[in-house]
Amino acid sequence: MTASAFQANTETQENHVTTGATVWLTGLPSAGKTTIAYELAGRLREEGHLVEVLDGDEIREFISAGLGFSREDRHTNVQRIGFVAELLARNGVKALVPVIAPYTDSRDAVRGRHQKSGAAYIEVHVATPVEVCSVRDVKGLYAKQAAGELTGLTGVDDPYEDPESPDLRIESQHQTVQESAAAVHALLTERGLA
Ligand SMILES: Nc1ncnc2c1ncn2[C@@H]1O[C@H](COP(=O)(O)OS(=O)(=O)O)[C@@H](OP(=O)(O)O)[C@H]1O
Ligand SMILES: Nc1ncnc2c1ncn2[C@@H]1O[C@H](COP(=O)(O)OP(=O)(O)O)[C@@H](O)[C@H]1O
(Lines give C-alpha, C1' and ligand atoms only; values in the text may rest on other atoms or scores of the structure.)
(Ligands and ions follow the chains in the order given, each with its own letter.)
Protein backbone atom coordinates (compact mmCIF):
# COMPACT_ATOMS: atom_id res chain seq x y z
CA MET A 1 0.00 0.00 0.00
CA THR A 2 1.35 3.46 -0.83
CA ALA A 3 1.80 6.04 1.92
CA SER A 4 -1.10 8.13 0.63
CA ALA A 5 -3.38 5.09 0.33
CA PHE A 6 -2.51 4.16 3.92
CA GLN A 7 -3.31 7.69 5.06
CA ALA A 8 -6.71 7.50 3.31
CA ASN A 9 -7.31 4.14 4.94
CA THR A 10 -6.64 5.38 8.45
CA GLU A 11 -9.07 8.30 8.34
CA THR A 12 -12.80 7.96 7.80
CA GLN A 13 -14.82 10.53 5.89
CA GLU A 14 -15.64 12.18 9.24
CA ASN A 15 -11.90 12.53 9.79
CA HIS A 16 -11.82 9.97 12.53
CA VAL A 17 -8.41 8.49 13.19
CA THR A 18 -8.86 4.73 12.92
CA THR A 19 -5.56 3.27 14.08
CA GLY A 20 -6.88 0.77 16.58
CA ALA A 21 -5.14 -0.45 19.72
CA THR A 22 -5.92 -1.95 23.10
CA VAL A 23 -4.54 -0.17 26.13
CA TRP A 24 -4.96 -2.44 29.16
CA LEU A 25 -4.59 -0.64 32.49
CA THR A 26 -3.90 -3.28 35.13
CA GLY A 27 -3.50 -2.62 38.85
CA LEU A 28 -5.08 -2.80 42.29
CA PRO A 29 -8.50 -1.43 43.20
CA SER A 30 -8.23 2.38 43.57
CA ALA A 31 -4.87 2.42 41.75
CA GLY A 32 -6.26 4.94 39.22
CA LYS A 33 -7.03 2.70 36.23
CA THR A 34 -10.53 4.05 35.55
CA THR A 35 -9.62 7.69 36.13
CA ILE A 36 -6.65 7.51 33.76
CA ALA A 37 -8.71 5.65 31.14
CA TYR A 38 -11.43 8.33 31.04
CA GLU A 39 -8.91 11.18 31.07
CA LEU A 40 -7.05 9.60 28.15
CA ALA A 41 -10.34 8.82 26.36
CA GLY A 42 -11.33 12.50 26.45
CA ARG A 43 -8.00 13.57 25.07
CA LEU A 44 -7.99 10.98 22.29
CA ARG A 45 -11.59 11.82 21.27
CA GLU A 46 -10.68 15.50 20.99
CA GLU A 47 -7.95 14.44 18.56
CA GLY A 48 -10.46 12.49 16.47
CA HIS A 49 -9.77 8.95 17.66
CA LEU A 50 -12.54 6.39 17.97
CA VAL A 51 -12.45 5.34 21.62
CA GLU A 52 -14.29 2.88 23.85
CA VAL A 53 -13.66 2.36 27.55
CA LEU A 54 -14.38 -1.22 28.62
CA ASP A 55 -15.04 -0.53 32.28
CA GLY A 56 -14.73 -3.58 34.53
CA ASP A 57 -17.79 -2.70 36.61
CA GLU A 58 -20.01 -2.27 33.53
CA ILE A 59 -18.74 -5.48 31.95
CA ARG A 60 -19.52 -7.38 35.16
CA GLU A 61 -23.13 -6.11 34.99
CA PHE A 62 -23.61 -7.50 31.50
CA ILE A 63 -21.28 -9.79 29.58
CA SER A 64 -19.67 -11.10 32.77
CA ALA A 65 -22.87 -11.08 34.86
CA GLY A 66 -22.80 -13.95 37.32
CA LEU A 67 -19.02 -14.14 37.58
CA GLY A 68 -17.39 -13.65 40.96
CA PHE A 69 -13.80 -13.08 42.03
CA SER A 70 -12.38 -16.61 42.14
CA ARG A 71 -9.23 -17.21 40.10
CA GLU A 72 -11.27 -19.01 37.46
CA ASP A 73 -13.96 -16.34 37.22
CA ARG A 74 -11.42 -13.53 37.04
CA HIS A 75 -9.65 -15.40 34.24
CA THR A 76 -12.92 -15.87 32.35
CA ASN A 77 -13.79 -12.20 32.85
CA VAL A 78 -10.41 -11.04 31.54
CA GLN A 79 -10.59 -13.36 28.49
CA ARG A 80 -14.07 -12.08 27.58
CA ILE A 81 -12.93 -8.49 27.85
CA GLY A 82 -9.79 -9.31 25.88
CA PHE A 83 -11.94 -10.80 23.13
CA VAL A 84 -14.05 -7.64 22.82
CA ALA A 85 -11.03 -5.34 23.06
CA GLU A 86 -9.23 -7.17 20.28
CA LEU A 87 -12.30 -6.93 18.04
CA LEU A 88 -12.47 -3.19 18.64
CA ALA A 89 -8.73 -2.67 18.20
CA ARG A 90 -8.71 -4.65 14.97
CA ASN A 91 -11.47 -2.41 13.67
CA GLY A 92 -9.89 0.94 14.27
CA VAL A 93 -10.94 1.71 17.83
CA LYS A 94 -8.77 2.58 20.81
CA ALA A 95 -10.07 0.12 23.42
CA LEU A 96 -9.11 1.39 26.87
CA VAL A 97 -9.46 -1.32 29.49
CA PRO A 98 -9.27 -0.37 33.18
CA VAL A 99 -9.55 -3.90 34.58
CA ILE A 100 -7.53 -5.40 37.45
CA ALA A 101 -6.50 -8.60 35.58
CA PRO A 102 -4.46 -9.92 38.52
CA TYR A 103 -2.94 -13.01 36.90
CA THR A 104 0.01 -13.04 34.51
CA ASP A 105 -1.29 -15.99 32.48
CA SER A 106 -4.64 -14.22 31.88
CA ARG A 107 -2.89 -11.04 30.73
CA ASP A 108 -0.46 -12.97 28.54
CA ALA A 109 -3.34 -14.79 26.84
CA VAL A 110 -4.93 -11.45 25.96
CA ARG A 111 -1.65 -10.14 24.59
CA GLY A 112 -1.28 -13.36 22.58
CA ARG A 113 -4.75 -12.93 21.06
CA HIS A 114 -3.72 -9.47 19.87
CA GLN A 115 -0.37 -10.66 18.56
CA LYS A 116 -2.09 -13.38 16.56
CA SER A 117 -4.29 -10.90 14.71
CA GLY A 118 -1.70 -8.12 14.51
CA ALA A 119 -3.76 -5.72 16.64
CA ALA A 120 -1.67 -3.29 18.68
CA TYR A 121 -1.56 -4.03 22.41
CA ILE A 122 -0.15 -1.95 25.24
CA GLU A 123 0.00 -3.08 28.84
CA VAL A 124 0.11 -0.29 31.40
CA HIS A 125 0.77 -1.21 35.01
CA VAL A 126 -0.83 1.39 37.25
CA ALA A 127 1.54 0.50 40.04
CA THR A 128 0.11 2.49 42.92
CA PRO A 129 1.16 0.79 46.17
CA VAL A 130 -1.53 -0.90 48.24
CA GLU A 131 -0.83 1.53 51.11
CA VAL A 132 -1.93 4.42 48.88
CA CYS A 133 -4.83 2.53 47.30
CA SER A 134 -6.23 1.58 50.69
CA VAL A 135 -6.25 5.22 51.79
CA ARG A 136 -7.96 6.32 48.53
CA ASP A 137 -10.42 3.43 48.89
CA VAL A 138 -12.77 4.87 46.25
CA LYS A 139 -15.40 2.16 46.70
CA GLY A 140 -14.83 1.39 50.39
CA LEU A 141 -13.59 -2.13 49.62
CA TYR A 142 -10.42 -1.89 51.72
CA ALA A 143 -12.47 -0.73 54.72
CA LYS A 144 -14.89 -3.59 54.20
CA GLN A 145 -12.06 -6.10 54.03
CA ALA A 146 -10.51 -4.66 57.21
CA ALA A 147 -13.88 -4.90 58.93
CA GLY A 148 -14.20 -8.54 57.95
CA GLU A 149 -17.16 -7.85 55.64
CA LEU A 150 -15.29 -8.88 52.48
CA THR A 151 -12.66 -11.49 51.70
CA GLY A 152 -10.59 -12.06 48.59
CA LEU A 153 -9.71 -8.43 47.92
CA THR A 154 -6.97 -8.11 45.31
CA GLY A 155 -3.67 -7.01 46.80
CA VAL A 156 -4.80 -7.62 50.40
CA ASP A 157 -5.98 -11.21 50.82
CA ASP A 158 -6.08 -12.21 47.15
CA PRO A 159 -3.15 -12.31 44.69
CA TYR A 160 -2.00 -9.58 42.35
CA GLU A 161 0.89 -10.73 40.18
CA ASP A 162 2.91 -7.66 39.21
CA PRO A 163 3.57 -7.43 35.46
CA GLU A 164 7.26 -8.16 34.90
CA SER A 165 7.69 -6.12 31.74
CA PRO A 166 4.72 -3.86 31.10
CA ASP A 167 4.96 -1.40 28.20
CA LEU A 168 4.60 1.36 30.78
CA ARG A 169 4.57 1.57 34.57
CA ILE A 170 2.77 4.47 36.21
CA GLU A 171 3.43 5.61 39.77
CA SER A 172 0.17 7.50 40.19
CA GLN A 173 0.99 8.48 43.77
CA HIS A 174 3.63 10.87 42.40
CA GLN A 175 1.61 12.35 39.51
CA THR A 176 -1.54 14.24 38.68
CA VAL A 177 -4.23 12.41 36.70
CA GLN A 178 -3.33 14.57 33.69
CA GLU A 179 0.35 13.62 33.95
CA SER A 180 -0.51 9.92 34.14
CA ALA A 181 -2.81 10.12 31.10
CA ALA A 182 -0.16 12.13 29.24
CA ALA A 183 2.40 9.39 29.87
CA VAL A 184 0.15 6.82 28.22
CA HIS A 185 -0.58 9.23 25.38
CA ALA A 186 3.15 9.77 24.86
CA LEU A 187 3.67 6.02 24.53
CA LEU A 188 0.85 5.78 21.97
CA THR A 189 2.50 8.59 20.01
CA GLU A 190 5.91 6.88 20.21
CA ARG A 191 4.35 3.69 18.80
CA GLY A 192 2.66 5.59 15.95
CA LEU A 193 -0.79 5.00 17.42
CA ALA A 194 -1.70 8.59 18.35
N1 LIG B 1 -12.78 -9.12 45.92
C2 LIG B 1 -12.54 -8.16 45.05
N3 LIG B 1 -11.30 -7.99 44.53
C4 LIG B 1 -11.08 -7.01 43.64
N5 LIG B 1 -12.02 -6.15 43.19
C6 LIG B 1 -13.27 -6.29 43.68
C7 LIG B 1 -13.58 -7.30 44.61
N8 LIG B 1 -14.91 -7.19 44.89
C9 LIG B 1 -15.38 -6.19 44.16
N10 LIG B 1 -14.41 -5.63 43.43
C11 LIG B 1 -14.64 -4.52 42.49
O12 LIG B 1 -14.84 -5.11 41.21
C13 LIG B 1 -14.38 -4.20 40.23
C14 LIG B 1 -14.16 -4.89 38.89
O15 LIG B 1 -13.13 -5.88 38.98
P16 LIG B 1 -12.42 -6.40 37.65
O17 LIG B 1 -13.44 -6.97 36.74
O18 LIG B 1 -11.57 -5.33 37.12
O19 LIG B 1 -11.52 -7.55 38.30
S20 LIG B 1 -10.79 -8.83 37.65
O21 LIG B 1 -9.88 -8.38 36.59
O22 LIG B 1 -11.81 -9.75 37.12
O23 LIG B 1 -10.05 -9.41 38.79
C24 LIG B 1 -13.14 -3.59 40.84
O25 LIG B 1 -13.03 -2.31 40.26
P26 LIG B 1 -11.79 -1.30 40.44
O27 LIG B 1 -11.88 -0.77 41.85
O28 LIG B 1 -12.08 -0.24 39.42
O29 LIG B 1 -10.52 -2.01 40.22
C30 LIG B 1 -13.47 -3.57 42.34
O31 LIG B 1 -13.95 -2.33 42.74
N1 LIG C 1 -2.18 10.23 38.90
C2 LIG C 1 -3.38 9.70 39.17
N3 LIG C 1 -3.96 8.87 38.27
C4 LIG C 1 -5.18 8.31 38.53
N5 LIG C 1 -5.90 8.52 39.64
C6 LIG C 1 -5.37 9.36 40.59
C7 LIG C 1 -4.11 9.96 40.38
N8 LIG C 1 -3.82 10.72 41.46
C9 LIG C 1 -4.89 10.58 42.28
N10 LIG C 1 -5.82 9.77 41.76
C11 LIG C 1 -7.13 9.43 42.39
O12 LIG C 1 -7.14 8.03 42.72
C13 LIG C 1 -8.47 7.51 42.60
C14 LIG C 1 -8.41 6.33 41.65
O15 LIG C 1 -9.69 5.74 41.53
P16 LIG C 1 -10.11 4.84 40.29
O17 LIG C 1 -9.66 5.48 39.02
O18 LIG C 1 -11.56 4.51 40.43
O19 LIG C 1 -9.23 3.55 40.54
P20 LIG C 1 -9.38 2.08 39.91
O21 LIG C 1 -10.16 2.18 38.64
O22 LIG C 1 -7.97 1.63 39.70
O23 LIG C 1 -10.09 1.26 40.96
C24 LIG C 1 -9.35 8.64 42.08
O25 LIG C 1 -10.01 9.24 43.17
C26 LIG C 1 -8.34 9.63 41.48
O27 LIG C 1 -8.77 10.96 41.48
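Owing to the predicted nature of the structure, the values given are computational and were not obtained by experimental measurement.

Conventions used here
Residues numbered from 1 in each chain as written. Chains lettered and ligands numbered in written order. Predicted model: local features only at pLDDT ≥ 70, side-chain atom pairs only at ≥ 80, totals over all residues. Heavy atoms only, no water. UniProt positions renumbered as here; feature names shortened; annotations may be inferred. 1 Å grid on protein atoms, 1.4 Å probe; cavity = no way out; pocket = protein on both sides within 12 Å on 5 of 7 lines; lining within 4 Å. Helix = DSSP H or I, 4+ residues; strand = E, 2+ residues; numbered from the N terminus. Buried < 20%, exposed > 50% of the residue type's maximum accessible area, 1.4 Å probe, protein only. Axes fitted to C-alpha atoms, helices over the stretch in contact; angles between N-to-C directions. Parallel < 35°, antiparallel > 145°, perpendicular 65-115°, else oblique. Left-handed = near helix turned anticlockwise from the far one by under 90°. Contact = heavy atoms within 4.5 Å. Nonpolar A, V, L, I, M, F, W, Y, C, P; charged D, E, K, R; others polar. Expected span 1.5 Å × (residues − 1). Arc of directions from axis to C-beta.

A. Expanded view of the UniProt feature "binding site: ATP" (unreviewed entry) in the protein chain. The UniProt record marks Gly27, Leu28, Pro29, Ser30, Ala31, Gly32, Lys33 and Thr34 with the feature "binding site: ATP" (unreviewed entry), using the residue numbering of this structure. Taking the annotated residues in turn, Pro29, Ser30, Ala31, Gly32, Lys33 and Thr34 line the largest pocket. Relative to the helices and strands, Ser30 resides in the loop between strand E1 (21-26) and helix H2 (33-46). Relative accessible area serves as the criterion here: at 16%, Ser30 is assigned to the buried category.

B. Layout of the packing of helix H4 (residues 71-90) against helix H5 (residues 104-117). Here H4 crosses H5 at 20°, and the two axes come no closer than 9 Å. Of the possible angle classes, the one that applies to H4 and H5 is roughly parallel. Between H4 and H5 lies a crossing of right-handed hand. Contacts between H4 and H5 involve Arg71, His75, Val78, Gln79, Gly82, Phe83, Ala85, Glu86, Ala89 and Arg90 on the former and, on the latter, Asp105, Ser106, Ala109, Val110, Arg113, His114 and Ser117. For the contact of H4 with H5, the residue count by class is 6 nonpolar, 6 polar and 5 charged.

C. Fine view of H2. With 14 residues, H2 should reach 20 Å at 1.5 Å per residue; the first-to-last C-alpha distance of 20 Å fits that figure. For H2, every residue scored as buried is listed here: Lys33, Ile36, Ala37, Leu40, Ala41 and Leu44. Down the axis of H2, the buried set is contained in an arc of 135°. They therefore lie on one face. For H2, the elements touching its buried residues are E1, strand E2 (51-53), strand E3 (94-98), strand E4 (121-126), strand E5 (168-170) and helix H8 (177-190). After H2 finishes, the residue Gly48 shows a positive phi value of roughly 100°.

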